[in-house]
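Take a look at the letters that make up each chain.
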Amino acid sequence: MTTPQAPSTPDQTWGATPAPGQAPKPGWSPGKKIAAGAVAAAIVAGGGAAVWAASSSAATDTQAGPGGMTGGPGGMPGGGGLGAALHGEYVSSDGNGGYVTKIMQTGEVTALSATSLTAKSDDGFSKTYTITSAQATGLATGDTVTVVATESGSTATATSVTDGESGGQGQAPGGGRGTPPSGAPTRTG
């Protein structure tokens with residue numbers, strides 16, 4: 001027994017004129033075209049807004065970076081960014097075409113001598129730094145300091161020690177390239 005087959009229709013290429021005897025398929029109505037245009041415009045506007053928001057946020061977080069404006073690394077005092085960092089490391093230029101890894105820590109002085117300083121951050125992180133007698137001058141156990149140092153092996157040598165509750169606002173983590181606010185206590189050496 002045979003199964004009846006539907007009459008075959010030749011395949012049509014997209015955009016080709018319909019075969020003789022076939023009615024053309026209806027195109028998009030003006031209303032559908034307007035709706036599609038509105039959806040496309042909304043997508044473009046939303047994407048543009050997202051790009052703008054992302055670039056505005058990035059500019060705010062970096063405008064006061066190392067050597068930047070008052071407020072220290074990452075922005076205004078206490079406002080997030082790197083200015084709120086307790087400790088970490090970063091890479092900067094060594095001034096001779098190379099790079100050096102530096103460490104930064106803000107914390108309370110827990111031990112102090114003419115050649116070393118130990119600082120403990122609010123999160124419990126503690127580190128001992130080799131300092132100069134000039135950097136030790138005026139410091140006392142219990143002071144809040146921001147230390148910028150280079151590390152070789154297990155020895156961290158301070159390149160900058162900033163004394164005061166300000167945490168070095170305006171002091172760039174590169175060791176003195178920023179402009180401190182007037183009256184801000186700083187120690188470098």
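Since we're looking at a predicted model, the values are computed, not measured. (Residues numbered from 1 in each chain as written. Predicted model: local features only at pLDDT ≥ 70, side-chain atom pairs only at ≥ 80, totals over all residues. Heavy atoms only, no water.)

Undergrad: How should I be thinking about the overall build of the protein in this particular structure?
TA: Of the regular secondary structure elements, the protein holds two helices and seven strands. Starting at the N terminus and ending at the C terminus, the protein contains elements arranged as α-β-β-β-β-α-β-β-β. Out of the 189 residues in the protein, the part that is buried amounts to 25%. Taking all contacts inside the protein whose residues are at least 6 apart in sequence as the whole, residues at least 24 apart take part in 42%. By element, 59% of the accessible surface of the protein is carried by carbon and sulfur atoms, the whole surface being about 11,900 Å². (Helix = DSSP H or I, 4+ residues; strand = E, 2+ residues; numbered from the N terminus. Buried < 20%, exposed > 50% of the residue type's maximum accessible area, 1.4 Å probe, protein only. Contact = heavy atoms within 4.5 Å. Areas by Shrake-Rupley, 256 points an atom, 1.4 Å probe, with all protein chains shown as cover.)

Undergrad: Can you walk me through the side chain of serine 92 in this structure?
TA: Mapped onto the elements, serine 92 comes out in strand β1 (residues 87-93). Not counting residues within four places of it along the chain, the set of residues in contact with serine 92 comprises Gly98, Tyr99, Val100 and Lys102.

Undergrad: Please explain the confidence of the model for the protein as it appears in this structure.
TA: Close reading of the predicted structure is inappropriate where its pLDDT is low. In the predicted model, the protein carries a mean pLDDT of 73, and the fraction of residues at 70 or more is 60%. The low-confidence segment residues 57-79, where pLDDT is below 50, has 37 contacts with residues more than four positions distant or belonging to other chains. Counting contacts from residues 166-184, a segment whose pLDDT is below 50, to residues more than four positions away or on other chains yields 41 contacts. (pLDDT = per-residue confidence, 0-100.)

Undergrad: Just checking my understanding: could you explain the pairing of strand β2 (residues 99-112) for this structure?
TA: Examined bridge by bridge, β1 and β2 share seven bridges and lie antiparallel to one another. Looking at the pairing, serine 92 lines up with valine 100 of β2. Alignment of β2 against strand β5 (residues 144-152), held across seven bridges, turns out to be antiparallel. Each residue of the ladder has a partner; that of glutamate 108, found in β5, is threonine 144. As judged from the four bridges shared by β2 and strand β3 (residues 116-120), these two strands associate in the antiparallel manner. Bridge pairing in β3 links glutamate 108 to lysine 120. (Pairing = 2+ DSSP bridges.)

Undergrad: Before we go on, may I ask you to explain the nonpolar core in this structure?
TA: Here is a general trend for soluble globular proteins: nonpolar side chains tend to be buried in one another's company. The biggest cluster of nonpolar side chains holds 14 residues, and the ones touching the most others in it are Leu117, Tyr129, Ile131, Val145, Val147 and Val161. Listing elements by their share of this core, those giving two or more residues are β2, β3, β5 and β6 (155-163). With sequence-adjacent residues up to four places away left out, valine 147 is seen in contact with Ile103, Met104, Gln105, Leu117, Tyr129, Ala158 and Ser160. (Core = buried A, V, L, I, M, F, W, Y, C linked by side-chain atoms within 4.5 Å.)

Undergrad: Explain the environment of valine 148 to me, please; I cannot follow it from the model alone.
TA: Position of valine 148 relative to the elements: it lies in strand β5. Exposure remark for valine 148: the relative accessible area of 3% places this residue in the buried category. Remark: the alpha-carbon pair of valine 148 and threonine 159, spanning 11 residues in sequence, is separated by 5.7 Å.

Undergrad: Help me understand the environment of glutamine 135, please; the structure alone is not making it clear to me.
TA: Tracing the backbone shows glutamine 135 in helix α2 (residues 133-136). With 28 residues separating them in the primary sequence, glutamine 135 and aspartate 163 have C-alpha atoms 9.5 Å apart. There is a polar contact of 3.4 Å between the side chain of glutamine 135 and the backbone oxygen of alanine 158. (Polar contact = N/O pair within 3.5 Å; in protein donor to acceptor, adjacent residues only side chain to side chain.)

Undergrad: Which parts of the structure should I look at to understand the pairing of β6?
TA: Looking along a regular strand, one sees the side chains alternate between the two faces of the sheet. Where β5 and β6 come together, eight bridges link them in antiparallel fashion. Opposite valine 147, over in β6, you have valine 161 as the bridge partner. Between β5 and the antiparallel strand that follows it, β6, lie two residues; glycine 153 among them carries a positive phi value of about 65°.

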